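Chains, contacts and geometry: an overview
One-letter residues, chain by chain:
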Amino acid sequence: MNKFNNKTLERYSRQIIMEKVGIEGQEKIMNTSISIIGCGGLGTTAAQYLTMSGIGEILLVDDDSVCLSNLNRQTLFSEKDLGGNKAEVLKKSLKKINPKSKLISQASRINKRNISKFLEKYSIILDCSDNFETRYLVNQYAFQKKKILVSCALQNFDIQVYTFSSWNNEYNPCYECIFPKDISRNTRSCDELGIIAPVAGMGGIFQANAVINIILNKNKQIFREIILYDCFERIFKKIQISKNSKCRICKL
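Summary of the structure given here. (Residues numbered from 1 in each chain as written. Predicted model: local features only at pLDDT ≥ 70, side-chain atom pairs only at ≥ 80, totals over all residues. Heavy atoms only, no water.)

A closer look at the sheet that holds strand β7 (residues 225-230)
Read from one edge to the other, the open sheet built from eight strands follows the order β3-β2-β1-β4-β5-β6-β7-β8, with strand pairing classed as mixed. Every interior strand has two partners, whereas the edge strands, β3 (102-106) and β8 (235-240), have only one. Between one strand and the next, the sheet's axes are offset by a mean angle of 15°, whatever the strand orientation. Inspection of the sheet shows strand β6 (residues 158-164) paired to β7 by five bridges, in the antiparallel sense. The partner of Tyr162 across the bridge, within β7, is Ile226. Sheet contacts for helix α10 (residues 197-215): β1 (33-37), β4 (124-127), β5 (148-155), β6 and β7; angle to β5, the most-contacted strand, approximately 165°. (Pairing = 2+ DSSP bridges. Helix = DSSP H or I, 4+ residues; strand = E, 2+ residues; numbered from the N terminus. Axes fitted to C-alpha atoms, helices over the stretch in contact; angles between N-to-C directions. Contact = heavy atoms within 4.5 Å.)

Notes on the side chain of Asn70
Its place among the elements puts Asn70 in the loop between β2 (57-61) and α5 (86-97). In this structure Asn70 comes out as buried when scored by relative accessible area, which is 4%. Excluding anything up to four places from it in sequence, Asn70 contacts Ser65 and Lys86. (Buried < 20%, exposed > 50% of the residue type's maximum accessible area, 1.4 Å probe, protein only.)

Quick look at the pairing of β4
Burial along β4 is two-sided: the residues Ile124 and Leu126 and Ile125 and Asp127 are all buried. Across four bridges, β1 lies against β4 in parallel orientation. In the strand pairing of β4, Ser35 is matched with Ile125. Across four bridges, β4 lies against β5 in parallel orientation. What sits directly across from Ile125, in β5, is Leu149. Following the chain from β4 across helix α7 (residues 132-144) to the adjacent parallel β5, one finds a crossover that is right-handed. (Right-handed = clockwise from strand over helix to strand, strands pointing away.)

Focus: the packing of helix α4 (residues 41-53) against α10
Relative orientation of the contacting elements α4 and α10 amounts to 45°, with a least axis distance of 7 Å. One finds that α4 runs oblique with respect to α10. The crossing of α4 and α10 is right-handed. The residues of α10 that touch α4, namely those facing Gly41, Leu42, Thr45, Ala46, Tyr49, Leu50 and Ser53, are Ala200, Gly201, Gly203, Gly204, Ile205, Gln207, Ala208, Val211 and Ile212. (Parallel < 35°, antiparallel > 145°, perpendicular 65-115°, else oblique. Left-handed = near helix turned anticlockwise from the far one by under 90°.)

As structure tokens, this is what we get:
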């Protein structure tokens, strides 16, 4: 309870008064550590809302630099940040939002050699990357190390959100159950397919909201469903997913 001085209570008062959060829930949020892989349209938005919510520690990982075309959707960057590393610039912006959050930036690209070093201490991983190579690598690591993985993909006006946990291996699928690695697919990024600003923001918000849902332990069904939202036609779908018995990562 020593964390809840008057200033902290005031900052999070609108969350604490909610029946599904309360003091206990807010304490869980503040004691959670997460890592965000990719500080683009998804990562910046998710990081912003999770920082505002009071997440205790956030690792930001991205080796890319801010460029002018990022500014239509990556809200915490401005023209003065052009050329700067995204993770480092984002950290500075988030510190202005919530100085109490512990923020760590890593100007690197996740690979097989460094993934364990970077992500070992974080219980929840947000995959905000834009390529399948990283998604498959992070999924495999998350399953093996029993981390919770919240992943999102964007294309034009479409959002897909997935949440995975290996704690209940008998029922919960992993990313490769849904998207087997040996099946060819469209691997083009937003740079080639296009993206509009609100879609990227909504995707990041969906990811941030999933993290809060998981922390509060309100619904384990979240690990067995895909959220699909067509922002242009305003069509929302929730699709039930199941484990693939032939999955090379999580088969029993």
